[in-house]
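Now for the letters of each chain:
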Amino acid sequence: KAGVTQTPRYLIKTRGQQVTLSCSPISGHRSVSWYQQTPGQGLQFLFEYFSETQRNKGNFPGRFSGRQFSNSRSEMNVSTLELGDSALYLCASSRTTGPYYEQYFGPGTRLTVT
Amino acid sequence: DAKTTQPNSMESNEEEPVHLPCNHSTISGTDYIHWYRQLPSQGPEYVIHGLTSNVNNRMASLAIAEDRKSSTLILHRATLRDAAVYYCILRDLRANNAGNMLTFGGGTRLMVKP
């Protein structure tokens, strides 16, 4: 079956702009989580959506937001970009929510803010 | 949340077994032990998980100490493709609010020599 897809794969934006990243989960998966990966902070949880509702949110400013559509596809948005937002943004999908279930990660979107 | 401790890096020879340790001395009775790995330039990949008993799958084996304060991920015959960062993560069955949030530490960078 097809894996998690993320678009775009690479993006260059300027400080102050906003950006929207997209994630298509594995067919049948209802949970989508987002992570930010930087060399300094490692992998950090942003938020999780399950059945179009945000289940949990990490410790990120309100400039980071997301949503999930009825087909489980998800988008995350970062407004007023800062240089420190340069990172690899990863999306993960899971059949449902809970500690028994594995998550499947996409290849990520590499965002560079100049 | 219970935390995990892993060595920063390990080295192995190709086609030899690899034992990747993880200490989790404050683990609770309801914490599942998950392992993920991240190959270069890819998103993390689920490897295996367990609660109390040792577990085997096509990728690896998970050996859990009797007191559950430590666990070991075993790759039976390392290949060059197994060179990755390996993350040991605890997920609490009781923490329904945590949903699918994964808390990544620094992981162990495994280098495989031909």
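Described in the following lines is the structure provided in the data block. Values in this document were obtained by computation on a predicted structure and should not be read as measured data.

### Things to note about the overall build of chain B
When helices and strands are counted, chain B shows zero helices and nine strands. Of the regular secondary structure in chain B, the N- to C-terminal order runs β-β-β-β-β-β-β-β-β. For 114 residues, the compact-globule estimate of 2.2 N^0.38 gives 13 Å, and the C-alpha radius of gyration of chain B, at 14 Å, lies within 12% of that figure. Expressed along its principal axes, the backbone C-alpha trace of chain B runs to roughly 45 × 30 × 25 Å.

### Considerations on the state of the cysteines
One pass over the structure, following the stated rule, counts two disulfides over all chains. Each disulfide pairs two cysteine sulfurs, and for Cys23 of chain A the partner residue is Cys91 of chain A, the sulfurs being separated by 1.6 Å. Remark: Cys91 of chain A occurs in strand S9 (residues 87-94) and Cys23 of chain A occurs in strand S3 (residues 19-24); sequence separation between them is 68 residues. Classification of Cys23 of chain A by relative accessible area gives buried; the value is 0%. Residue Cys22 of chain B pairs covalently with Cys88 of chain B via a disulfide, S to S 2.1 Å. Sign of the S-S torsion, about -85° for the bond between Cys22 of chain B and Cys88 of chain B, identifies this disulfide as left-handed. Here Cys22 of chain B, found in strand S2 (residues 18-23), pairs with Cys88 of chain B, found in strand S8 (residues 84-92); they are 66 residues apart in sequence, far enough to count as distant. Summarising the burial analysis for this pair, Cys22 of chain B and Cys88 of chain B share the class buried.

### Observations regarding the pattern of salt bridges
All names here are of chain A. Under the criterion given, the structure shown has nine salt bridges over all chains. Across the salt bridge formed by Asp85 and Arg63, the nearest N and O atoms sit 2.8 Å from each other. In this pair, Asp85 is assigned in the loop between strand S8 (74-78) and S9 and Arg63 in the loop between strand S6 (53-57) and strand S7 (64-68), connecting sequence segments 22 residues apart. There is no split in this pair, since Asp85 and Arg63 are both buried.

### Notes on the sheet that holds S8 of chain B
The pairing of strands in a sheet comes from backbone hydrogen bonds and takes either a parallel or an antiparallel form. Residues and elements named next belong to chain B. Pairing is mixed in the open sheet, where five strands are placed in the order S1-S9-S8-S3-S4. Pairing within the sheet leaves two strands with one partner each, and these edge strands are strand S1 (9-13) and strand S4 (45-50). The mean angle between the axes of side-by-side strands here comes to 25°, regardless of whether they run parallel or antiparallel.

### Describing the environment of Phe64 of chain A
Tracing the backbone through its elements, the reader meets Phe64 of chain A in strand S7. By relative accessible area, which is 2% here, Phe64 of chain A ends up buried.

### As for the interface of chain A and chain B
Each partner contributes residues to the interface: chain A has 22 residues there, and chain B has 20 residues. Those elements that provide at least two residues to the side of chain A that touches chain B are strand S4 (31-38), strand S5 (42-50), S6 and S9 of chain A. With four residues, the single largest contributor to the side of chain A that touches chain B is S4 of chain A. Considered class by class, the residues forming the side of chain A that touches chain B number nine nonpolar, ten polar and three charged.

### A closer look at the environment of Thr97 of chain A
Residue and element names in this part refer to chain A. Looking at the element boundaries, Thr97 is found in the loop between S9 and strand S10 (104-105). Residues Thr97 and Glu48, 49 residues apart in the sequence, show an inter-C-alpha distance of 9.5 Å. At 3.2 Å, the side chain of Thr97 forms a polar contact with the side chain of Glu48.

The rules we used
Residues numbered from 1 in each chain as written. Chains lettered and ligands numbered in written order. Predicted model: local features only at pLDDT ≥ 70, side-chain atom pairs only at ≥ 80, totals over all residues. Heavy atoms only, no water. Helix = DSSP H or I, 4+ residues; strand = E, 2+ residues; numbered from the N terminus. Rg over C-alpha atoms; globule rule 2.2 N^0.38 Å. Disulfide = S-S within 2.5 Å. Buried < 20%, exposed > 50% of the residue type's maximum accessible area, 1.4 Å probe, protein only. Salt bridge = Lys/Arg side-chain N within 4 Å of Asp/Glu carboxyl O. Pairing = 2+ DSSP bridges. Axes fitted to C-alpha atoms, helices over the stretch in contact; angles between N-to-C directions. Contact = heavy atoms within 4.5 Å. Nonpolar A, V, L, I, M, F, W, Y, C, P; charged D, E, K, R; others polar. Polar contact = N/O pair within 3.5 Å; in protein donor to acceptor, adjacent residues only side chain to side chain.

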